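# Working through the structure, step by step
What follows is the residue order along each chain.
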Amino acid sequence: MDKAEQILAALGGADNIVEIEPCATRLRTEVHDSSKVDEKALKAAGAFGVISSGQVVQVVVGPEADTIATDIEDLM
Amino acid sequence: MTQLDVLSPVPGRVIELAEVPDPVFAQALVGPGLAVDPVRTGPVTAVAPVAGRLVKLHPHAFVLQTDDGAGVLTHLGIDTVQLAGEGFELHVAEGDVVAAGDAVVTWDPAAVATSGRSPVVPVIALEATPSDLDGLRPAGPAEAGDVLFTWAR
(Lines give C-alpha, C1' and ligand atoms only; values in the text may rest on other atoms or scores of the structure.)
Protein backbone atom coordinates (compact mmCIF):
# COMPACT_ATOMS: atom_id res chain seq x y z
CA MET A 1 0.00 0.00 0.00
CA ASP A 2 1.21 3.52 -0.61
CA LYS A 3 1.13 6.24 2.03
CA ALA A 4 -2.33 7.54 1.07
CA GLU A 5 -3.83 4.02 1.15
CA GLN A 6 -2.24 3.31 4.55
CA ILE A 7 -3.51 6.58 6.01
CA LEU A 8 -7.01 6.05 4.63
CA ALA A 9 -7.12 2.51 6.06
CA ALA A 10 -5.84 3.75 9.45
CA LEU A 11 -8.59 6.39 9.52
CA GLY A 12 -11.15 3.58 9.33
CA GLY A 13 -11.54 3.56 5.56
CA ALA A 14 -13.43 5.79 3.14
CA ASP A 15 -16.79 5.06 4.79
CA ASN A 16 -15.54 6.56 8.05
CA ILE A 17 -14.47 9.88 6.50
CA VAL A 18 -16.86 12.83 6.68
CA GLU A 19 -14.34 15.34 5.34
CA ILE A 20 -10.64 15.53 4.68
CA GLU A 21 -8.87 18.84 4.17
CA PRO A 22 -5.16 19.54 3.81
CA CYS A 23 -3.38 22.31 5.67
CA ALA A 24 0.29 23.27 5.31
CA THR A 25 1.41 20.59 7.76
CA ARG A 26 -1.49 18.22 8.36
CA LEU A 27 -4.63 16.51 7.15
CA ARG A 28 -7.66 17.78 9.01
CA THR A 29 -10.11 14.93 8.99
CA GLU A 30 -13.60 14.61 10.35
CA VAL A 31 -14.63 11.02 10.94
CA HIS A 32 -17.93 9.35 11.80
CA ASP A 33 -16.44 7.04 14.43
CA SER A 34 -13.17 8.05 16.09
CA SER A 35 -12.83 4.59 17.66
CA LYS A 36 -12.04 3.24 14.18
CA VAL A 37 -8.96 5.46 13.92
CA ASP A 38 -5.70 3.58 14.47
CA GLU A 39 -3.06 6.06 15.65
CA LYS A 40 -0.27 3.48 15.63
CA ALA A 41 -1.03 2.63 12.02
CA LEU A 42 -1.09 6.34 11.12
CA LYS A 43 2.37 6.75 12.61
CA ALA A 44 3.54 3.59 10.85
CA ALA A 45 2.31 5.20 7.62
CA GLY A 46 4.64 8.12 8.24
CA ALA A 47 2.60 10.55 10.32
CA PHE A 48 4.74 12.63 12.71
CA GLY A 49 1.85 12.79 15.12
CA VAL A 50 -1.90 12.51 15.51
CA ILE A 51 -4.05 15.01 17.37
CA SER A 52 -7.60 13.90 18.06
CA SER A 53 -10.39 15.96 19.47
CA GLY A 54 -13.76 14.26 19.30
CA GLN A 55 -14.53 13.45 15.68
CA VAL A 56 -11.77 15.70 14.35
CA VAL A 57 -8.49 13.91 13.75
CA GLN A 58 -5.46 15.89 12.63
CA VAL A 59 -2.84 13.71 11.00
CA VAL A 60 0.48 15.54 10.96
CA VAL A 61 2.28 14.57 7.77
CA GLY A 62 4.34 17.69 7.01
CA PRO A 63 4.26 19.81 3.84
CA GLU A 64 3.22 16.88 1.65
CA ALA A 65 -0.27 17.13 3.18
CA ASP A 66 -1.88 18.59 0.06
CA THR A 67 -0.46 15.85 -2.18
CA ILE A 68 -1.52 13.10 0.23
CA ALA A 69 -5.02 14.60 0.56
CA THR A 70 -5.41 14.60 -3.22
CA ASP A 71 -4.26 10.97 -3.35
CA ILE A 72 -6.73 10.01 -0.60
CA GLU A 73 -9.60 11.81 -2.36
CA ASP A 74 -8.74 9.83 -5.51
CA LEU A 75 -9.12 6.61 -3.48
CA MET A 76 -12.53 7.58 -2.06
CA MET B 1 28.83 21.05 7.62
CA THR B 2 27.15 24.31 6.74
CA GLN B 3 25.43 26.81 8.98
CA LEU B 4 22.09 28.06 7.71
CA ASP B 5 20.88 31.33 9.20
CA VAL B 6 17.08 31.38 9.44
CA LEU B 7 15.69 34.91 9.49
CA SER B 8 12.56 36.35 11.01
CA PRO B 9 9.99 36.72 8.22
CA VAL B 10 8.07 39.47 10.04
CA PRO B 11 8.67 42.19 12.63
CA GLY B 12 7.31 41.43 16.06
CA ARG B 13 8.17 39.63 19.26
CA VAL B 14 10.01 36.30 19.31
CA ILE B 15 8.32 33.60 21.38
CA GLU B 16 9.07 29.93 21.99
CA LEU B 17 7.21 27.36 19.91
CA ALA B 18 5.73 25.98 23.12
CA GLU B 19 3.71 29.21 23.42
CA VAL B 20 2.08 28.80 20.00
CA PRO B 21 -1.65 28.05 20.45
CA ASP B 22 -1.59 24.96 18.23
CA PRO B 23 -0.43 21.53 19.40
CA VAL B 24 1.30 20.62 16.12
CA PHE B 25 3.65 23.60 16.39
CA ALA B 26 3.81 23.76 20.19
CA GLN B 27 4.94 20.12 20.34
CA ALA B 28 7.34 20.65 17.41
CA LEU B 29 5.75 17.73 15.57
CA VAL B 30 6.99 18.91 12.17
CA GLY B 31 10.28 20.23 13.51
CA PRO B 32 11.88 22.65 15.97
CA GLY B 33 12.09 26.39 15.51
CA LEU B 34 10.76 29.63 16.94
CA ALA B 35 7.70 31.78 16.41
CA VAL B 36 7.20 35.50 15.98
CA ASP B 37 4.15 37.32 17.31
CA PRO B 38 3.86 39.96 14.57
CA VAL B 39 3.24 43.66 15.03
CA ARG B 40 -0.43 44.63 14.78
CA THR B 41 0.05 47.98 13.08
CA GLY B 42 -1.45 47.14 9.69
CA PRO B 43 -0.33 45.15 6.65
CA VAL B 44 3.01 43.35 6.97
CA THR B 45 5.06 41.82 4.18
CA ALA B 46 6.46 38.46 5.20
CA VAL B 47 9.92 37.87 3.74
CA ALA B 48 11.80 34.67 2.94
CA PRO B 49 13.63 33.40 6.06
CA VAL B 50 16.22 31.61 3.88
CA ALA B 51 17.25 31.56 0.22
CA GLY B 52 15.73 28.75 -1.77
CA ARG B 53 12.94 27.44 -3.93
CA LEU B 54 9.30 27.83 -2.89
CA VAL B 55 8.37 24.15 -2.96
CA LYS B 56 5.01 24.83 -1.30
CA LEU B 57 3.10 28.07 -1.43
CA HIS B 58 -0.28 28.57 0.18
CA PRO B 59 -1.62 32.08 0.83
CA HIS B 60 -1.11 31.55 4.58
CA ALA B 61 1.99 29.35 4.62
CA PHE B 62 5.04 28.53 2.54
CA VAL B 63 7.95 26.11 2.49
CA LEU B 64 11.37 27.09 1.17
CA GLN B 65 13.89 24.44 0.24
CA THR B 66 17.55 25.43 0.20
CA ASP B 67 20.09 24.15 -2.35
CA ASP B 68 21.27 21.50 0.13
CA GLY B 69 17.73 20.30 0.84
CA ALA B 70 16.84 22.03 4.10
CA GLY B 71 13.13 22.79 4.34
CA VAL B 72 11.92 25.84 6.27
CA LEU B 73 8.19 26.33 6.90
CA THR B 74 6.72 29.76 7.59
CA HIS B 75 3.09 29.67 8.77
CA LEU B 76 1.27 33.02 8.89
CA GLY B 77 -1.08 32.71 11.84
CA ILE B 78 -2.90 29.73 13.33
CA ASP B 79 -5.90 28.12 11.60
CA THR B 80 -5.50 30.71 8.84
CA VAL B 81 -6.17 27.99 6.24
CA GLN B 82 -9.82 28.74 7.13
CA LEU B 83 -9.47 32.24 5.65
CA ALA B 84 -9.01 30.62 2.20
CA GLY B 85 -6.52 33.24 1.09
CA GLU B 86 -8.72 36.22 1.97
CA GLY B 87 -6.43 39.11 2.94
CA PHE B 88 -3.21 37.45 1.73
CA GLU B 89 -1.44 38.93 -1.31
CA LEU B 90 1.25 36.73 -2.88
CA HIS B 91 4.32 38.33 -4.48
CA VAL B 92 5.78 35.08 -5.83
CA ALA B 93 4.62 31.79 -7.34
CA GLU B 94 5.20 28.20 -6.26
CA GLY B 95 8.48 27.00 -7.73
CA ASP B 96 10.11 30.44 -7.72
CA VAL B 97 13.63 30.83 -6.37
CA VAL B 98 14.01 33.67 -3.88
CA ALA B 99 16.80 35.24 -1.84
CA ALA B 100 16.61 35.49 1.94
CA GLY B 101 14.70 38.67 2.75
CA ASP B 102 12.68 38.74 -0.51
CA ALA B 103 8.99 39.64 -0.17
CA VAL B 104 6.70 36.59 -0.25
CA VAL B 105 3.24 37.48 1.12
CA THR B 106 1.59 40.68 2.35
CA TRP B 107 -1.07 40.15 5.02
CA ASP B 108 -2.57 41.92 8.00
CA PRO B 109 -1.89 40.30 11.39
CA ALA B 110 -4.32 42.72 13.08
CA ALA B 111 -7.13 41.57 10.75
CA VAL B 112 -6.32 37.91 11.50
CA ALA B 113 -6.51 38.71 15.22
CA THR B 114 -9.85 40.47 14.67
CA SER B 115 -11.14 37.29 13.00
CA GLY B 116 -10.53 35.50 16.30
CA ARG B 117 -7.38 33.65 15.22
CA SER B 118 -3.83 33.94 16.50
CA PRO B 119 -1.57 35.74 13.98
CA VAL B 120 1.56 34.12 15.49
CA VAL B 121 4.07 33.02 12.84
CA PRO B 122 5.88 29.72 13.50
CA VAL B 123 9.17 29.33 11.61
CA ILE B 124 10.07 25.66 11.50
CA ALA B 125 13.22 23.73 10.55
CA LEU B 126 11.38 20.82 8.94
CA GLU B 127 12.41 17.38 10.15
CA ALA B 128 15.37 18.81 12.07
CA THR B 129 16.15 17.75 15.61
CA PRO B 130 16.36 20.38 18.37
CA SER B 131 20.12 19.84 18.73
CA ASP B 132 20.59 20.93 15.08
CA LEU B 133 19.56 24.48 16.01
CA ASP B 134 22.00 26.94 17.52
CA GLY B 135 21.83 30.49 18.75
CA LEU B 136 18.07 30.58 19.22
CA ARG B 137 17.08 34.19 19.61
CA PRO B 138 15.73 34.82 23.10
CA ALA B 139 12.15 36.02 23.55
CA GLY B 140 11.81 39.69 22.74
CA PRO B 141 11.50 42.13 19.86
CA ALA B 142 12.83 41.31 16.38
CA GLU B 143 12.76 42.97 12.98
CA ALA B 144 12.12 41.14 9.74
CA GLY B 145 15.52 39.85 8.60
CA ASP B 146 16.97 39.39 12.09
CA VAL B 147 18.47 35.92 12.62
CA LEU B 148 16.08 33.68 14.60
CA PHE B 149 18.38 30.66 14.78
CA THR B 150 21.18 28.90 12.96
CA TRP B 151 20.60 25.42 11.56
CA ALA B 152 23.70 23.21 11.48
CA ARG B 153 23.46 21.10 8.33
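Residues numbered from 1 in each chain as written. Chains lettered and ligands numbered in written order. Predicted model: local features only at pLDDT ≥ 70, side-chain atom pairs only at ≥ 80, totals over all residues. Heavy atoms only, no water.

### Let's talk about the UniProt feature "active site" (unreviewed entry) in chain A
Those residues carrying the UniProt feature "active site" (unreviewed entry) are Cys23 of chain A in this numbering. Considering the arrangement of structural elements, one finds Cys23 of chain A in the loop between strand E1 (17-22) and strand E2 (26-31). Ignoring any residue separated from it by four or fewer positions in sequence, one finds Cys23 of chain A in contact with Arg28 and Ala65 of chain A together with His60, His75 and Val81 of chain B. (UniProt positions renumbered as here; feature names shortened; annotations may be inferred. Helix = DSSP H or I, 4+ residues; strand = E, 2+ residues; numbered from the N terminus. Contact = heavy atoms within 4.5 Å.)

### Some points on a negative patch on the surface
Taken together, the side chains of Asp2, Glu5, Asp71, Glu73 and Asp74 of chain A define an acidic patch exposed on the protein surface. Take Asp71 of chain A: it is sitting in helix H3 (residues 65-75). (Patch = residues over 30% accessible without salt bridge, like charges linked within 9 Å, V, L, I, M, F, W, Y side chains within 5 Å. Areas by Shrake-Rupley, 256 points an atom, 1.4 Å probe, with all protein chains shown as cover. Salt bridge = Lys/Arg side-chain N within 4 Å of Asp/Glu carboxyl O. Lys, Arg positive; Asp, Glu negative; His and termini not counted. Charge placed at Lys NZ, Arg CZ, Asp CG, Glu CD.)

### What to know about the interface of chain A and chain B
One frequently used descriptor of interface size is the decrease in accessible area upon assembly of the parts. The partner chain B presents 18 residues to the 15 residues of chain A that form the contact. Salt-bridge contacts for Arg26 of chain A lead to Asp22 of chain B; the nearest nitrogen and oxygen are separated by 2.8 Å. Across the contact surface, chain A and chain B share four residue pairs in polar contact (both at pLDDT 80 or more). Broken down by secondary-structure element, the contributors of at least two residues to the side of chain A that touches chain B are E2, strand E3 (49-53) and H3 of chain A. (Polar contact = N/O pair within 3.5 Å; in protein donor to acceptor, adjacent residues only side chain to side chain.)

### Some remarks on the sheet that holds strand E4 (residues 56-60) of chain A
Residues and elements named next belong to chain A. Ordered in space as E1-E2-E4-E3, the four strands form an open sheet in which the pairing is antiparallel. The open sheet has two edge strands with one neighbour each: E1 and E3. With direction set aside, neighbouring strand axes in the sheet form an average angle of 15°. As defined by bridge partners, E1 adjoins E2 across five bridges and the pair is classed as antiparallel. By the bridge assignment for E2, Glu21 is matched with Arg28. (Pairing = 2+ DSSP bridges. Axes fitted to C-alpha atoms, helices over the stretch in contact; angles between N-to-C directions.)

### Looking at the packing of helix H1 (residues 3-10) of chain A against H3 of chain A
Residue and element names in this part refer to chain A. Interhelical geometry of H1 versus H3 gives an angle of 70° and a closest axis separation of 9 Å. Put simply, H1 runs roughly perpendicular to H3. As for how H1 packs across H3, the hand of that crossing is right-handed. Facing Lys3, Ala4, Glu5, Ile7 and Leu8 of H1, the residues of H3 in contact are Ile68, Asp71, Ile72 and Leu75. Its residues assigned to classes, the contact of H1 with H3 comprises six nonpolar, no polar and three charged. (Parallel < 35°, antiparallel > 145°, perpendicular 65-115°, else oblique. Left-handed = near helix turned anticlockwise from the far one by under 90°. Nonpolar A, V, L, I, M, F, W, Y, C, P; charged D, E, K, R; others polar.)

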